[in-house]
Amino acid sequence: MGERCRAALRVLVLQAAWALAGGQVRYSVPEEAEAGTVVGRLAQDLGLEAGEAEARRLRLVAQGRRASVEVSGASGALLVSSRLDREELCGKSAPCALRLEVLVERPLRVFHVELEVTDINDNAPIFPAARKNLSIAELSVPGSRFPLEGASDADIGSNAQLSYTLSPSEYFSLDLEKSNERNLVPELVLTKSLDRETIPVHRLVLTASDGGRPSLTGTMELVILVVDANDNAPQFNQSVYRLQLAENAAVGTLVGRVNATDPDLGSNSEMTFTAISFIPSSGRDVISVNPETGEIHLTGALDFEEVSVFDFRIEARDHGTPSLSGHCSVELQVLDVNDNAPEVRVTSLSVPVSEDAAVGTVVALLSVSDRDSGANGRVRCWVWPASPFGLEATFAGSYSLVLREALDRERVSEYEVEVRAEDGGAPALRASRGLRVPVSDVNDNAPAFAQAVYTVLARENNAAGAELARLWARDPDEAGNGRVSYSVWEGGAAAASWSSWSGAAGGGWRPASSYVSVDAESGRLWALQPLDYEELQVLQFEVRAVDAGEPPLCGNATVQLFVLDENDNAPALLPPAGSAPEAGGAAAEAARAAQAAGGSVSASDTLWAWAAWGAPAGQVVAKIRAVDADSGYNAWLRYELWEPRGKGPFRVGLYSGEVSTARALDEADGPRHRLLIVVRDHGEPARSATATLSVSLVEAAEAALAAAAGSSSSSRAAAGADAGAGAAGAATNVWLVVAICAVSSLFLLAVVLYGASRWAPRAAVLSGPGPTTLVCASEVGSWSYSQRHSRSLCVADGAAKSDLMVFSPNFPPPPPGAAPKDTQPEPSALLGTVSGASLVYFSVPSHLPSG
């Protein structure tokens, strides 16, 4: 009875001790321990007496996986029963703890025992392949880096910490890049330019050593082929892709997508994506990359308890010869369950943002947190829309909203940005925060006119201050940067000023600002003075639009101002043809002055003409010449016989101004006829001038004699005028012109004298008062200037197809009101005067231009 009490007491003490100790026994044993190695005295640690372990049947309860340990029935010790391999039991998980259940009977109790299998350096680093072939372009510059596939070590802790060495080479060195806090990625660095013709192939040995004692190593041979390839390698848009995926994701799930571009063309821009350098190497079994699209897919089941993070690199290799590659890192985090949504807080906001802010400018500071832990507390953030802002991670849980693209306030003046956060839970929980980011204006747009060239039509004689046009330049900036002022830019003005009817040059260049002005605010174009078409036909200048920004920007537009003609000039009668050059010039100036005054011009003197009795119908007896300073229809003249009205013996050519016989003349027509001829233009309203022509009827012989005398004088005047014009136009050929004129004059003089002496009929000459006058009668030609308006016309039989120019002597003027016969000398006296005047005749073809 006492023995039983003592046993019960021991059980109670053991139970109390067990409760105080937490109800669990912990042991530690290194892996690869030999069978039979005592792990711990389990019966004693459980408070059992010697021999009591066997009596109470102390034993292990079978577990799901082989424990490789057993309990000795005799001693109650925990022994190693078979080979312990920590890598097989736990993989990369640390610590590697086996949970055992120990059962005793009488009374039945269950005890929990935790056996930790510690790691020893029993695994050497292993490369994915014993040999690695690399293709490096011959033109690769020193400093180029080529990622290598690192080795993997099944051990953990310091036994799995790897270091790398490279066999000696003058062309290559080895650099270790710390992709994260756990792994080092070896990179081959080119230290010297390659020469394929010298060394086409380099063979190196990459050695990986772990941190165990003693250290174990693994090697991989690097065979580097130097080839000529295209010169642009694929480039990823990101160097590191951080992806998250729930551990319960289905096989085939799209994890993400990497994007790479190659600026080459054709096959050199086509690329293939390959996943390399998996850490741990088991990632090859659960992750794949589409070689064409770069999409990352899940090909196997994930287990967060086994591997929480997969690190690997993706190589994009183009199809060039030789091919080039680009690389990026991918970090895939396997997420656990999730029950808290992320929180996004704005800690600082700098608005508005200037539209000329540089790319990378920080707009806001954000704090993102998740109350979950582990993978469920890791948050992925992005900005919507994706441009022009982006997020940059500064440190854990903090982000900067930065400018990724240049801003243009004229296109978008304000952005509604939404910062979105998503945790890695399953299902994922999201949070967002909206931000309003206004854009401030800078003066980055110059004023632009709607047209590069403006064509403005303005009628002459406009009122001073009249609005000619309205110019408008658009500046999309705001406030002062978009406030435009206008001005006439003198540097771009050109005025065309001339006298259209005389062909003489105008008064010289005048600035455009003397004609027009532009309103600085509205852009209205004003006329400063009345425009005169006869002075100015075209004015071209530039208008400058300047904004009020700092610095100011400007734009120009060309304005072509065309002055439209108005019928503001009446026809002006030209002096009689055959006047002396000096007289003609003075008369021309007088005509210009009269036209500039804008009034009608009437002939103050009577024009004289002579016709022979019996002249046939259609015989030209005179020609009225007039000019209009206007242009177009306003300068198109028509001639009308105003007096006498009815069927008289004379008529006037409607547009030629030629006065000719309407029928054959006879004695019944009287000795003298006074004709009043009106010259009108075609303007609206029409303007006119009048001319008075006195036609005397004489005998045919007298008319022919007057024609011969007038022709001789006219020839000498014409020769002198032609010689003077030739000398002024071409001084270097003056002697040649003089010689030609002299020979021609002698020849024509001989012909005319011979013809006059044989066939010239008896002619009479009539002349008006005044100096010698050059008269040109033509069917279509024009009359030359004379100092006075009187004309002297000689008409002979058969002269209808030719012009006859005559220098006639001076006669005293006929007394007013005297009969025609009283005012004319006798034929014999006329013949004597003509004989003493040495008449010269020139026959000029009528188709030549006259005047």
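Read on for a plain summary of the structure. What you see is a predicted model; the values in this text were computed from it and never measured.

How each quantity is defined
Residues numbered from 1 in each chain as written. Predicted model: local features only at pLDDT ≥ 70, side-chain atom pairs only at ≥ 80, totals over all residues. Heavy atoms only, no water. Pairing = 2+ DSSP bridges. Helix = DSSP H or I, 4+ residues; strand = E, 2+ residues; numbered from the N terminus. Axes fitted to C-alpha atoms, helices over the stretch in contact; angles between N-to-C directions. Salt bridge = Lys/Arg side-chain N within 4 Å of Asp/Glu carboxyl O. Buried < 20%, exposed > 50% of the residue type's maximum accessible area, 1.4 Å probe, protein only. Core = buried A, V, L, I, M, F, W, Y, C linked by side-chain atoms within 4.5 Å. Contact = heavy atoms within 4.5 Å. Phe/Tyr/Trp six-rings, centres within 6.5 Å; stacked < 30°, edge-to-face > 60°.

### Things to note about the sheet that holds strand β10 (residues 163-166)
Part 1 of the reasoning: Strand order in this open sheet of four strands is β8-β14-β13-β10, and the pairing throughout is mixed. Edge positions in the sheet fall to β8 (131-137) and β10, since each of these pairs with one other strand and no more. The sheet shows a mean angle of 25° between the axes of neighbouring strands, direction not considered.
Part 2 of the reasoning: In this structure, strand β13 (residues 201-209) lies alongside strand β14 (residues 217-227), joined through nine bridges in antiparallel fashion. Residue Thr207 lies in a different strand from β14, and its bridge partner there is Thr219.

### Some thoughts on the sheet that holds strand β2 (residues 38-40)
Part 1 of the reasoning: The strand order across the open sheet built from three strands is β2-β5-β4, with neighbouring strands paired in antiparallel fashion. The open sheet has two edge strands with one neighbour each: β2 and β4 (69-71). Between one strand axis and the next, the sheet turns through 35° on average, direction left out of account.
Part 2 of the reasoning: As paired strands, β4 and strand β5 (residues 78-80) are joined by three bridges and run antiparallel to one another.

### Quick look at the pattern of salt bridges
Part 1 of the reasoning: Under the counting rule described, the total for this entry stands at 22 salt bridges.
Part 2 of the reasoning: Here Lys132 and Glu149 are joined by a salt bridge, their closest N and O atoms 3.6 Å apart. On the criterion of sequence distance, the pair formed by Lys132 in strand β8 and Glu149 in the loop between β9 (145-147) and β10 is long-range, its members being 17 residues apart. The pair Lys132 / Glu149 is uniform in exposure class, with both members buried.

### Quick word on the nonpolar core
Part 1 of the reasoning: Among the nonpolar cores identified, the biggest contains 28 residues, and Phe449, Phe541 and Leu561 are the most heavily contacted of them.
Part 2 of the reasoning: Where this core is concerned, the elements lending two or more residues are β33 (453-459), β34 (467-470), β36 (484-497), β37 (516-518), β38 (524-527), β39 (536-547) and β40 (554-564).
Part 3 of the reasoning: Here this core gets five residues from one element, more than from any other, and that element is β39.
Part 4 of the reasoning: Not counting chain neighbours up to four residues away, the residues in contact with Phe449 comprise Tyr454, Leu471, Trp472, Ala473, Tyr486, Val543, Arg544, Ala545, Gly555, Asn556 and Ala557.

### Concerning the packing of aromatic side chains
Part 1 of the reasoning: Throughout the structure, instances matching the rule amount to eight aromatic pairs.
Part 2 of the reasoning: Between Phe278 and Phe312 the ring centres are 4.9 Å apart and the planes differ by 20°, which places this aromatic pair in the stacked class. Residue Phe278 is located in strand β19 (residues 271-279), and its partner Phe312 is located in strand β22 (residues 309-318); the two are separated by 34 residues in the primary sequence.
Part 3 of the reasoning: Owing to a relative accessible area of 7%, Phe278 belongs among the buried residues under this scheme.
Part 4 of the reasoning: A relative accessible area of 2% places Phe312 in the buried class.
Part 5 of the reasoning: Members of the aromatic cluster, each reached through a chain of ring pairs, are Phe449, Tyr454 and Tyr486.

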